[in-house]
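Coordinate analysis (summary)
Residue-level listing of the chains:
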Amino acid sequence: MSATIEQLDTVIVDLPTIRPHKLSMTTMGCQTLVILRLTRSDGIVGIGEATTIGGLSYGVESPEAIKSAIDTYLAPLLIGQAAGNVNALVALMNKCVRGNTFAKSAIETALLDAQGKALGLPISSLLGGALTTKLPVLWTLASGDTSKDIAEGEKLLAEGRHNAFKLKIGARDYHTDMQHTRAIVDALGDRASIRVDVNQAWDTSTAVRGCAELDAMGIDLIEQPVAAQNREALVHLSQHCRAAILADEAVASSDDGFDIARRGFIGAYALKIAKSGGPASVLRLAHVAQAAGIGLYGGTMLEGTVGTVASLHAWSTLPLQWGTEMFGPLLLKDDIVENPLHFSNSSVELPQTPGLGVTIDEDKLNYYRRKE
Ligand code: MUC
Ligand code: MG
C-alpha cells in the first residue's frame, strides 16, 4: 500500500544575523524560519522551510501567517492523501487554497524531501536531474555603511568566497545611493561583478536616470528598480539599458512571467521557491522564461539551510545565466542543521544524498524555536 500523509508539524525559529542587513524596506537583525515536518504512514519524515523578509515588510505572508495557513488549512487538506504524487498534491493545494505560496513552498519541499528519501534519490533527480552539482553564489553587501561594505567585500575576495556582490540601494536618497555605489565599484569593480537591487524604490523617471548612471558605472545587473506593478517601466528599462534588468518582486507565478515576456521584457527573472510555491512549481516560471529568451537567476528569500538547499536542487536543473544568491545560511549566526552547506570558490556544493540531503539538529532547533 502506498504511504499516506499522517501529520504536519510547524515551528517558528528565530536566528540572529551576523550583522544588520539593510534593504530599502527594512533592516534585518534576525531571520525567522518556519520549519515544517511532514510525517508519512511509512515513517518517513520530510522537512521544509518557509522564510520571508522583515515580517510583512517584503511579502504578503508573515511567518505567523505561514504557520497558521499550514496548521489550519493546508494540513487538514493533505492528511490522509497519498504522499508520493507531488503533482496531485500541489494541484489539490492550488484548487483549495488561494495564494499562500510561501506556505505551499514549505509543504512542496517536505513532500519532495520525503519522496526522495523513499526512493533513495536527491530532490534534483526527482526534478529531472542536476546539470551541475556546484552552483555559483554571490554575496550581498548591505551593512548600510559604505566603508564597512568595502571592507567586507575585500575580506570575501581575499578569502575567495565570492566574486560577485549585490548592493542594496533605495533606502536612502538618490545621491547618497549613487555615491555609495560608485565608491564600491571603484574599490572592488575590477575584481568582482557588481550588481544592485533597488527593491522597487524608484518611480519611472528616477529609474530611467538611475539606470543610465549605473550603466555608466559598469554595473552588470539592476534588480527591480521600479514598483512590482510598474511592468511598463520594467520592460522599457530592459530594452534601453546596457546592464541587464532583473525582475524580482514583479515576477512570482508563471502567469506573471508570461505577461512580462509578452510585453517585450528582455532581462532576467529572479526565481524564488517562496514566490512560486516550491522547488517543483518554480520550474514552470523558469520554463516560460526559457521559451521567451529571458535569463535565469537563482534568487533567495534569505532562507536558512533547509530552504536554501531546496532552492539549490531546483536551480541545479536549470542553465542559470546569472548564477545564484543562495548565501542565506552565511548571513545567520548559527544553523539548525547537522550538516551545513559548503561554500568556497564563489560557489556552493549541492548535497547528493536522498531528499534534500539535510538533517535537523534537534538541540539547535529547540534552542532557537520561538516559545509560544
Ligand atoms: C531581494 O529582494 O532580492 C535577496 C538577497 C538579499 O540580500 O535580499 C534578498 C531580497
Ligand atoms: Mg530582489
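Numbers given for residues are sequential positions, taken from 1 along each chain in its written order. Ligands are numbered from 1 and chains lettered from A, in the order in which they are written. In keeping with the model being predicted, local features are shown solely for residues with a pLDDT of at least 70 and side-chain atom pairs are shown and tallied solely at 80 or more, while totals for entire chains, interfaces and linings include all residues.

Under an unreviewed UniProt entry, the name given to the protein chain is Muconate cycloisomerase, and the organism recorded is Buttiauxella noackiae ATCC 51607. UniProt positions are given in the numbering used here, feature names are shortened, and annotations may be inferred rather than shown by experiment. The Pathway (unreviewed entry) field of the UniProt record for the protein chain holds the comment "Aromatic compound metabolism." Under the Cofactor (unreviewed entry) heading, UniProt states for the protein chain: "Mn(2+)".

Only DSSP runs of H or I reaching four residues or more are called helices, and only runs of E reaching two or more are called strands; each is numbered from the N terminus. Looking only at helices and strands, the protein chain has 13 helices and 13 strands in total. With C-alpha atoms as the basis for the radius of gyration, the globule rule is written as 2.2 Å multiplied by the number of residues raised to the power 0.38. Against the compact-globule benchmark of 21 Å for 372 residues, the protein chain has a radius of gyration of 20 Å, which places it among compact chains. Seen along its three principal axes, the alpha-carbon backbone of the protein chain occupies a region of about 65 × 45 × 40 Å. By the burial criterion, 53% of the 372 residues in the protein chain qualify as buried. Two residues qualify as a contact pair if the distance between their C-beta atoms, derived from the backbone, is within 7 Å. Considering only residue pairs separated by 6 or more positions, the protein chain has 73% of its internal contacts joining residues 24 or more positions apart. For every residue, the other C-beta atoms within 10 Å of its own C-beta are counted; 20 or more classify it as buried, 12 or fewer as exposed, and values in between as partly exposed. C-beta atoms are placed from the backbone.

In the Ramachandran plot, Gln 224 falls in the positive-phi region, its phi being about 35° despite a non-glycine side chain. Relative to the helices and strands, Gln 224 resides in the loop between β8 (221–223) and α8 (231–240). The backbone of Leu 302 shows a phi angle near 55°, a positive value even though the residue is not glycine.

The next point concerns the site of ligand 1. Being near a molecule or strand means, for a residue, that its C-beta atom, positioned from the backbone, comes within 6 Å of it. Lining the immediate environment of ligand 1, one finds Leu 23, Ile 53, Thr 140, Ala 142, Asp 197, Asn 199, Asp 248, Gly 299, Thr 300, Leu 302 and Glu 325. Across the shell around ligand 1, the residue classes break down as 4 nonpolar, 4 polar and 3 charged. Residues are grouped as follows: Ala, Val, Leu, Ile, Met, Phe, Trp, Tyr, Cys and Pro are nonpolar; Asp, Glu, Lys and Arg are charged; all remaining types, including Gly, are polar.

Note: two strands are recorded as paired if DSSP finds a minimum of 2 bridges between them. A sheet is described by the order of its strands in space; here 7 strands give the open sequence β5-β6-β7-β8-β9-β10-β11, paired in parallel fashion. Single-partner strands in this sheet number two, and they are β5 (139–141) and β11 (295–298). Each adjacent strand pair in this sheet contributes to an overall mean axis angle of 30°, direction not counted. Pairing of strand β6 (residues 164–168) with strand β7 (residues 193–197), which is carried by 5 bridges, proceeds in the parallel orientation. Each bridged residue has a counterpart across the sheet, and for Leu 167 the counterpart in β7 is Val 196. With axes taken as lines fitted to C-alpha atoms, and helix axes fitted only over the stretch in contact, angles between N-to-C directions fall between 0 and 180 degrees.

Our focus in this paragraph is the UniProt feature "domain: Mandelate racemase/muconate lactonizing enzyme C-terminal" (unreviewed entry) in the protein chain. The positions UniProt marks with the feature "domain: Mandelate racemase/muconate lactonizing enzyme C-terminal" (unreviewed entry) are residues 147–244. The straight-line gap between the two end C-alpha atoms of residues 147–244 is 27 Å; of that span, 53% is helix and 14% is strand.

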